[in-house]
Amino acid sequence: MIGRRIRTALRRSAAPLVSLSLLAGAIIAPPSAAQAQTPARAADASKLAAEGLVTLEQVNHGALLLKTDKFGWYVPAPALDTSIKADVSGPIARIVVTQKFRNVAKVFVEGKYVFPMPEGAAVDTLKMRVGDRWIEGKIEERKEAKKIYEEAKAEGKVASLVEQERPNMFTTSVANIAPGAVVVVQIEYQETLAPREGAFGLRLPLVVAPRYSPKPTPVQLVKFGPEGWYEAKADPVPDRERITPPVVDPRSEEKGTLRNPVDIVVDIEAGFPLGRIKSLYHGGQVKIEPRGVKAARVTLTGPIKADRDFFLSWRPAKFSDPYAAAFTEERDGESHYVAMLTPPDAAAIGDTRRPREVIFVQDVSGSMGGESITQARAGLEMALKRLSPDDTFNIIIFNDKFAVFEENPVPATPENIARAVESVRALQATGGTEMLPALEVALKDASGAADGRVRQVVFLTDGAVGNERQMLKLISKELGRNRLFTVGIGSAPNSYFMTAAARAGRGAHVFIGDLKEVRERMETLFTKIETPAVVDMTITALKDGRPVANAQISPTPAPDLYAGDPVVATVRLPAGVEADTLRFTGLRGDAKWEMELPLSDARKRPGVSKLWARETIRDLEALRLSPDVTAKDQEKIDADILKTALDFGIVSRLTSLVAVDVKRTRPADEKAVRKDVPLNLPAGWDPEIFFESKEAPVEAGEDAPALLQKTALTRLTAAAKAREAARAAKAAAKAKGLAIPDTGADWMLRGLAGLALLLFGLVLWRVTRRSSAA
């Protein structure tokens, strides 16, 4: 009897029990990706395959696959090999960059590669090889070049397009690469290599670091259109999609994978007896072959990974102080000059050091994770300890937000320095890079010139932002009596922003690419900061001691000149106009400073005119960002930039190089699929922070009414330190084979599962109670 009643009760509750158990099972074991998304139907699969997508089962060789929004289907990325050949003649370098695009897909593709350039490079040549034929590119207005390229792409012709996204960031697009084919693109440029601190240096950027682009902000305007009313927004980075290529997560690759390999050859014809030659960041991977007393060839022992800048330096056996050199080129009857000199040691003028107010601005965003934050902490600590008792200082840190060490600058007493150093040692890197508010606060000069102090802002960052123009505009507007010095941190700093910011801020810049460089490079910075600069400098072309009319000289205005920095001037003289001397004048301390450089002995060099054009365009771009320039003024400046770039055949913001094959390659009935070439994560960047962490260390209130918040740095970094410690403990435990649970991550699932089990228990209890009553 009792057994029969139990079976009846169980039958009555079977449906809810089954439903409940299925619900619990679904909660405890959520569907896998394969369960959540059904495989494509046969018709869809054929369509996806026609678009160049593949499944994992279809890949039988090593390949980089990019995820798509189609589950289980991937895009094979184009393979890229790069070789760089640099010919250095005195202080001028001519560089040829050869990019080989290999299509590893089974369909026609369009490849696009974002690559770095020195910010002063005059890019003037594009060649494209299709099969055994070379096709010469031509310079066009950017819109026209894009139109030519798109038309060729639509017609199935192989075409290439080189565009400038930033002065140090370019893109190469190659259309209609056939399956299994290789298209070779050659780009040539020229740049000057002026000596700094007694050494010449050639920097070859190899990777574009991922850049943080601030979100568009609402403006006080509401617009309407067919879609209705909407709030207008100002985008500080309108080309954010163009400067954001995919990045390979190094954790997903096999150890030793050489993504985007680069080979480098540098031939040096110094023009003077060579001293030491060294590679700063690839020392064990270079071979140096002397070729007489004044020449050498530097090669790599094998291809290297494109994940950090290559920097080569060489010194004269005996450095003459001052160093002076001039080069010339005749073009269409006009004379062009590049002249450079390094002033004599400033020690001769004696100690004229004045008390300083120094504001340190430290980037602690996610891109500074890994080696970069270690370098930055060491550099900042060294800078703090270098301050004198009569100086005052403050520190601003920033990522998504910012915070200050003190509300106002404090005296550089031993107690304050020790407290600041302790706080700096605790800094961790995470979060975004909202640089603008921190820089705005740093430039605010509350004390004015009343206390007689020199006000200096020292900015330590990798410059990995996309809103450079917005930042430079702020510097031009708010500089006042400030002097801005930039310290580029990491393996692939944004050299354009660092040098342009220092130039706009009438300061100087240094780069730190390795922890071993911190002391040397910071010593260099201190020498610049503590030694009186040459200010109010003017550059004048003379003939028989008289100023030459109509001489076009760059840079205009001339920057302040700091210890160890060279003066580099470019000059253009109209047909029939002559000059025999360049005169440099200014003030160093309270004394007049003057130097002259003869032009009569200038050596002939091809490409000097293009260097003048590049420097002139840089001056015009800086002028365009001036706060008093109107929209009408900008139109005129753009017209001057366009005319200069077209006349001298160089790539600029408004001009591009385009090359088109005359033959059709892609059949009309086949489509081409666009594939971006993924970049390496720069060396030293922490992939866990870059790919996963979205948190910021700053805990200051979101609703604080004022930007300036007095918050201790140690408090700001406590949460970040705890996260780093937990992450490190978890990694160590995993290495030992221990399982560390992610506590709290699935509390909702566990709670619902527990509730389901509780309900199941209540049903069983009810059945048991009825049985007992019976």
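The rules behind the values
- Residues numbered from 1 in each chain as written.
- Predicted model: local features only at pLDDT ≥ 70, side-chain atom pairs only at ≥ 80, totals over all residues.
- Heavy atoms only, no water.
- Buried < 20%, exposed > 50% of the residue type's maximum accessible area, 1.4 Å probe, protein only.
- Helix = DSSP H or I, 4+ residues; strand = E, 2+ residues; numbered from the N terminus.
- Pairing = 2+ DSSP bridges.
- Expected span 1.5 Å × (residues − 1).
- Contact = heavy atoms within 4.5 Å.
- Phe/Tyr/Trp six-rings, centres within 6.5 Å; stacked < 30°, edge-to-face > 60°.
- Lys NZ or Arg CZ within 6 Å of the ring centre and 35° of its normal.
- Core = buried A, V, L, I, M, F, W, Y, C linked by side-chain atoms within 4.5 Å.
- Domains from an automatic or database assignment.
- Axes fitted to C-alpha atoms, helices over the stretch in contact; angles between N-to-C directions.
- pLDDT = per-residue confidence, 0-100.
- Parallel < 35°, antiparallel > 145°, perpendicular 65-115°, else oblique.
- Left-handed = near helix turned anticlockwise from the far one by under 90°.
- Salt bridge = Lys/Arg side-chain N within 4 Å of Asp/Glu carboxyl O.
- Right-handed = clockwise from strand over helix to strand, strands pointing away.

A closer look at the pairing of strand β4 (residues 92–102)
For β4, the tally of buried residues reaches eight of eleven residues, placing the bulk of the element in the interior. Note that strand β3 (residues 79–89) and β4 share eleven bridges and pair antiparallel. Opposite serine 89, over in β4, you have isoleucine 92 as the bridge partner. Hairpin connection of β3 to β4: two residues between the antiparallel strands, including glycine 90 at a positive phi of 65 degrees. Sheet topology note: the β4/strand β11 (residues 182–192) ladder contains eleven bridges and is antiparallel. Note on β11: the bridge partner recorded for isoleucine 92 is threonine 192.

Regarding helix α11 (residues 518–530)
Across its 13 residues, α11 extends 18 Å between first and last C-alpha, which sits within 8% of the 18 Å expected from 1.5 Å per residue. Where α11 is concerned, the buried positions are Val518, Arg521, Met522, Thr524, Leu525, Phe526, Lys528 and Ile529. Where α11 is buried, its residues contact β24 (356–363), α6 (371–386), β28 (454–461), β29 (483–489) and β30 (509–512).

With respect to the packing of aromatic side chains
For the structure on display, the rule yields ten aromatic pairs. Ring centres 6.2 Å apart and planes at 35 degrees place the aromatic pair phenylalanine 115 and phenylalanine 170 in the tilted group. Placement of phenylalanine 115 in strand β5 (residues 108–116) and of phenylalanine 170 in strand β10 (residues 169–177) is noted, with a sequence separation of 55 residues between them. Of the residues examined, phenylalanine 115 reaches a relative accessible area of 3% and is grouped as buried. A relative accessible area of 0% places phenylalanine 170 in the buried class. A connected cluster of aromatic rings, assembled from ring pairs, spans Tyr113, Phe115 and Phe170. In this structure, arginine 203 is placed above the aromatic ring of phenylalanine 511, and the distance from its NZ or CZ to the ring centre is 4.7 Å. One cation-aromatic arrangement involves arginine 331 over phenylalanine 648; the distance from NZ or CZ to the ring centre is 4.4 Å.

Considerations on the nonpolar core
Ranked by internal contacts, the top residues of the largest apolar core, which has 78 residues, are Ile95, Leu202, Ile264, Val266 and Trp314. Broken down by element, this core gets its largest block of residues, five residues, from β4. Composition of this core by domain shows at least three residues from each of domain 1 (76–209 + 259–317 + 654–674) and domain 2 (323–345 + 535–648). Sequence-distant contacts of tryptophan 314, that is, excluding residues within four places in its chain, are made with Val88, Leu193, Ala199, Phe200, Gly201, Leu202, Ile268, Phe272, Leu274, Arg276 and Ile277. Among the nonpolar cores identified, the runner-up in size contains 38 residues, and Leu380, Val410, Val424 and Ala508 belong to it.

Topic: the sheet that holds strand β37 (residues 603–604)
Reading across the sheet, the five strands line up as β33-β34-β23-β22-β37 and stay open at both edges, with mixed pairing between neighbours. Each edge of the open sheet carries a strand with a single partner, namely β33 (552–554) and β37. Across three bridges, the pairing between β33 and strand β34 (residues 567–573) is antiparallel. Considered in β34, the bridge of glutamine 552 is made with arginine 572. The strands touched by helix α12 (residues 608–624) within the sheet are β22 (324–331), β23 (334–341), β33 and β34, with β23 carrying the most contacts at an inclination of about 75 degrees.

A closer look at the confidence of the model for the chain
Per-residue pLDDT for the chain averages 82, and the proportion of residues at 70 or more is 78%. Averaged pLDDT values for the elements of the chain fall to 36 in helix α2 (residues 14–28) and rise to 98 in strand β8 (residues 138–141). Every residue in residues 1–40 is under pLDDT 50, and counting partners more than four places away or in other chains gives 24 contacts. Segment residues 735–747 is flagged for pLDDT under 50; beyond a separation of four residues in sequence, or across chains, it makes four contacts in the model.

Some details on the packing of helix α9 (residues 468–478) against helix α10 (residues 495–504)
Packing of α9 against α10 leaves a shortest axis separation of 9 Å and a crossing angle of 15 degrees. Comparing their axes, α10 and α9 come out roughly parallel. Note that α9 runs across α10; the crossing there is right-handed. Residues Glu468, Met471, Leu472, Ile475 and Ser476 of α9 form the contact with α10, whose own contacting residues are Tyr496, Phe497, Ala500, Ala501 and Ala504.

Topic: the sheet that holds strand β36 (residues 591–598)
If you trace the four strands from one edge of the open sheet to the other, you get β32-β31-β35-β36, paired in antiparallel fashion. Only two strands of the sheet have a single partner each, and these edge strands are β32 (546–547) and β36.

Side note on the pattern of salt bridges
Applying the stated rule across the entire model yields 54 salt bridges. The partner of aspartate 640 in a salt bridge is lysine 636, with the nearest N and O atoms 3.4 Å apart. Of this pair, aspartate 640 and lysine 636 are both found in helix α13 (residues 631–648), four residues apart, which corresponds to roughly one turn of the helix. Through salt bridges with shared partners, one network takes in Arg196, Glu197, Arg521, Lys528 and Asp565.

Description of unusual backbone geometry
A cis geometry characterises the amide bond from serine 554 onward to proline 555, with omega recorded as 10 degrees. By secondary structure assignment, the location of proline 555 is in the loop between β33 and β34. Not every positive phi belongs to a glycine, and asparagine 260 is a case in point at roughly 50 degrees. With respect to the secondary-structure elements, asparagine 260 resides in the loop between β15 (247–248) and β16 (261–269). Here aspartate 544, not a glycine, exhibits a phi torsion of approximately 55 degrees, which is positive. The class of aspartate 544 is exposed, set by a relative accessible area of 62%.

Considerations on the pairing of strand β25 (residues 392–398)
In summary, the side chains of a regular strand alternate between the two faces of the sheet. Burial runs high along β25: seven of the seven residues are buried. Of the two faces of β25, the one carrying Thr392, Asn394, Ile396 and Phe398 and the one carrying Phe393, Ile395 and Ile397 are both buried. Relative to β25, β24 runs parallel, the two sharing seven bridges. Within β25, the residue paired with glutamine 362 across the bridge is isoleucine 397. Traced from β24 through α6 to β25, the parallel crossover comes out right-handed. Bridge count for β25 against strand β27 (residues 410–411) is two bridges, and the pairing is antiparallel. The residue of β27 that forms the bridge with phenylalanine 393 is valine 410. The antiparallel hairpin formed by β25 and strand β26 (residues 402–404) contains three residues in its connecting segment.

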